[in-house]
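The lines below spell out each chain.
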There are 2 protein chains.
Amino acid sequence: MSTFGVCGKLKAKDGQGEALANVLLEAAESMQSLEGCESYVVSISNTDADTVWVTEVWKDEASHAASLTLESTRSIIQKGLPLIANMEGDKLRILGGKGLKST
Amino acid sequence: MSTFGVCGKLKAKDGQGEALANVLLEAAESMQSLEGCESYVVSISNTDADTVWVTEVWKDEASHAASLTLESTRSIIQKGLPLIANMEGDKLRILGGKGLKST
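Computed from a predicted structure; not experimentally measured. (Residues numbered from 1 in each chain as written. Chains lettered and ligands numbered in written order. Predicted model: local features only at pLDDT ≥ 70, side-chain atom pairs only at ≥ 80, totals over all residues. Heavy atoms only, no water.)

**Focus on the pairing of strand β4 (residues 84–98) of chain A**
A regular strand places its side chains on the two faces of the sheet in alternate fashion. As paired strands, strand β1 (residues 4–12) of chain A and β4(A) are joined by nine bridges and run antiparallel to one another. Each residue of the ladder has a partner; that of A:G5, found in β4(A), is A:L92. With six bridges joining them, β4(A) and strand β2 (residues 37–45) of chain B adopt antiparallel strand pairing. Residue pairing across strands places A:G97 opposite B:V41, the latter belonging to β2(B). (Pairing = 2+ DSSP bridges. Helix = DSSP H or I, 4+ residues; strand = E, 2+ residues; numbered from the N terminus.)

Shown next, in the form of structure tokens:
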């Protein structure tokens, strides 16, 4: 079972929520080929169109860290940074639940 | 594709992080039979053992709302409330990403 998670809350600059979400959806697309990435889900807050959430599930922390060294990830991060006002997040130890792959 | 998400950050009373996480894992178990619940993942913060995160993916908001009316959910919530110091969260419009079921 995957053991490492990330929950990121990104506040976009005014009116840039959708543009930021699109960049993060590009990131999600680039993760499709990464076996260590079980999920990378992009959402927008129901109460603030400029708050974008990313919830990630990774096989382990090393797989996540390795993804950050890829050129594809770096270029997407560069694309997103100008759209971000501030961000907060947490690195998580996944305990279990519904919807996780068992292997 | 599922369209409704919840990201909950629950701060447990001192030393109650694991106890709270176990209650939430019970909740996750009770969601196994709910077709509208695609995922309900329970994690603990890597930086604070008393911060528990729940990330949920639901077919739609109505499915989530219906789950809150179930006796099984209500009794688990009652069990968890005494363990919680405070909580914050957000209701999300899921845009897409990796790991979501396509139907």
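Continuing now.
**Observations concerning the interface of chain B and chain A**
Taken together, the contact between chain B and chain A spans 34 residues of the former and 34 residues of the latter. Buried area between chain B and chain A, summed over both chains or domains, comes out near 2,800 Å², and the portion from carbon and sulfur atoms is 55%. Our count for the contact surface shared by chain B and chain A stands at zero salt bridges. The tally of links from chain B across to chain A stands at 24 residue pairs in polar contact (both at pLDDT 80 or more). For the side of chain B that touches chain A, the secondary structure elements donating two or more residues are β1 (4–12), α1 (17–31), β2, β3 (51–58) and β4 (84–98) of chain B. When its residues are assigned to classes, the side of chain B that touches chain A shows 17 nonpolar, 11 polar and six charged. (Contact = heavy atoms within 4.5 Å. Buried area = accessible area lost by both parts, 1.4 Å probe. Salt bridge = Lys/Arg side-chain N within 4 Å of Asp/Glu carboxyl O. Polar contact = N/O pair within 3.5 Å; in protein donor to acceptor, adjacent residues only side chain to side chain. Nonpolar A, V, L, I, M, F, W, Y, C, P; charged D, E, K, R; others polar.)

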